[in-house]
Amino acid sequence: MTIRIAPSILSADFARLGDEVRACEEAGADIIHFDVMDGRFVPNITIGPLLVEAVKRSTKLPIDCHLMIVEPDRYVEQFVKEGASMVSVHPEAGFHLQRTLTMIRKLGAQAGVVLNPATPIQVLDYVLDDIDYVLVMSVNPGFGGQSFIPSALQKIRDIRGLLDARGRKDIPIEVDGGVKAANAGDVVRAGAGILVAGSAVFQGNDYRATLGAIRESADKALSI
């Protein structure tokens, strides 16, 4: 398994966002992660589709949009049109999860389901044929810079076990919230394949060193 690292621009300097994204790409990032918040599903407001289009002009990396918004069906098409190649939604945010996932795929993007810390994994049971990845929140969504919730490790293990038992070893688990070099190995050992890191990356000046440390920790976990 190849581990992919996705810096979250929520923690980037928006005054020089294009430069920040290019720096992440040059430093070895695999994906650019967008935290889209509407002030309703979560208590914060961040970015919209137009910023996706702007960032798309600054990078060749895939753009991963995590929609923390109510009624995501209303906006999915615009996010994909502006350049999102991965779009994930929360089961609690809309009325018909399977319909939303199908829409994302028909538009040409990969579809993901997001599980909050208290969301049961059984929500995946009836949409396994409609998803390309699962995003596990290891913090409660809404703000960057939060600490990793330790119980997320068991949740990742349980999801990996469910996916493997159902013949879906191809579905990667993405983990978002408090991920850094110190815990990346544990997260990967639990079954994650995509690591989202925001403040861990952007709070320092050497993105290459930070991403390298996260990747080294993850790779060591795979070799054990």
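Refer to the structure presented above.
Along each chain, numbering runs from 1 in the same order as the chain's sequence is written. Note on the predicted model: pLDDT of at least 70 is required for a residue's local features to be given, and 80 or more for side-chain atom pairs to be given and counted; whole-chain, interface and lining totals, by contrast, use all residues. The side-chain values count all of the structure's non-hydrogen atoms but skip hydrogen atoms and water molecules.

(A) Inspection of the pairing of strand S4 (residues 86-89) at higher detail. Only protein chains enter the accessibility calculation, which uses a 1.4 Å probe. A residue is then buried if its area is under 20% of the maximum for its type, exposed if over 50%, and partly exposed in between. To qualify as a helix, a DSSP run of H or I must reach at least 4 residues; to qualify as a strand, a run of E must reach at least 2; elements of each kind are numbered from the N terminus. Burial of S4 is two-sided: the residues Met86 and Ser88 facing one way and the residues Val87 and Val89 facing the other way are all buried. Bridging between strand S3 (residues 63-68) and S4 involves four bridges; their strand directions are parallel. Bridge pairing in S4 links Leu67 to Val89. The parallel pair S3 and S4, bridged by helix H3 (residues 76-81), forms a crossover whose chirality is right-handed. The pairing criterion is simple: DSSP has to find at least two bridges between the two strands. Sheet topology places S4 next to strand S5 (residues 110-115); four bridges connect them, and they run parallel. Of the residues in S5, the one forming a bridge with Val87 is Ala111. Think of it like this: strands point away, you trace from the first strand over the helix to the second, and a clockwise trace means the crossover is right-handed.

(B) Representation of the packing of helix H5 (residues 152-165) against helix H6 (residues 181-190) in the model. Axis separation between H5 and H6 bottoms out at 8 Å; the angle between their running directions is 30 degrees. Regarding the angle of H5 to H6, the classification is roughly parallel. Between H5, through Leu153, Ile156, Arg157 and Arg160, and H6, the contact on the second element is made entirely by Asp186, Val187 and Ala190. Here the contact of H5 with H6 is composed, by residue class, of four nonpolar, no polar and three charged. Angles here are taken between N-to-C directions and fall from 0 to 180 degrees, while the axes themselves are lines fitted to C-alpha atoms, restricted in helices to the stretch in contact. The scheme is simple: roughly parallel for angles under 35 degrees, roughly antiparallel for over 145, roughly perpendicular for 65 to 115, oblique for anything else. Two residues form a contact once any of their heavy atoms are found within 4.5 Å. Under the scheme applied, nonpolar residues are Ala, Val, Leu, Ile, Met, Phe, Trp, Tyr, Cys and Pro; charged residues are Asp, Glu, Lys and Arg; polar residues are all the others, including Gly.

(C) The environment of Ser8, seen in detail. Tracing the chain through its elements places Ser8 in the loop between strand S1 (4-7) and helix H1 (17-27). Overall, Ser8 belongs to the buried group, its relative accessible area being 3%. Considering only alpha carbons, one finds Ser8 and Glu25, 17 residues apart in sequence, at a separation of 12 Å. Look past the residues within four positions of Ser8 in its chain and what remains in contact with it is His33, Asp35, Val196, Ala197, Gly198 and Phe202. Polar contacts, as counted here, are pairs of nitrogen or oxygen atoms within 3.5 Å of one another; within protein the pair requires one atom able to donate a hydrogen and one able to accept it, and residues that are adjacent in sequence qualify only if both atoms are side-chain atoms. A polar contact of 2.5 Å, which involves the side chain of Ser8, links it to the side chain of Asp35.

(D) Quick look at the sheet that holds strand S8 (residues 194-197). The eight strands are arranged S1-S8-S7-S6-S5-S4-S3-S2 in an open sheet whose pairing can be described as parallel. The open sheet has two edge strands, S1 and strand S2 (32-37), and neither has a second partner. Direction aside, the axes of adjacent strands within the sheet are offset by 25 degrees on average. Sheet analysis places S1 next to S8, joined by four bridges and oriented parallel. Counterpart to Pro7 in the pairing with S8 is Ala197. Packed on one face of the sheet, helix H8 (residues 207-223) meets S1 and S8 and runs near 145 degrees to S1.

(E) Main features of the environment of Pro7. With respect to the helices and strands, Pro7 occurs in strand S1. With relative accessibility at 1%, the residue Pro7 sits in the buried group. Through-space distance from the C-alpha of Pro7 to that of Tyr207 is 9.7 Å; in sequence the pair is 200 residues apart. Setting aside its immediate chain neighbours within four residues, Pro7 contacts Cys24, Ala29, Ile31, Ile32, His33, Ala197, Phe202 and Leu211.

(F) View of the side chain of His66. Summarising the element assignment, His66 is placed in strand S3. You can call His66 buried: its relative accessible area is 0%. Here the side chain of His66 touches Asp35 through a polar contact of 3.5 Å, side chain to side chain.

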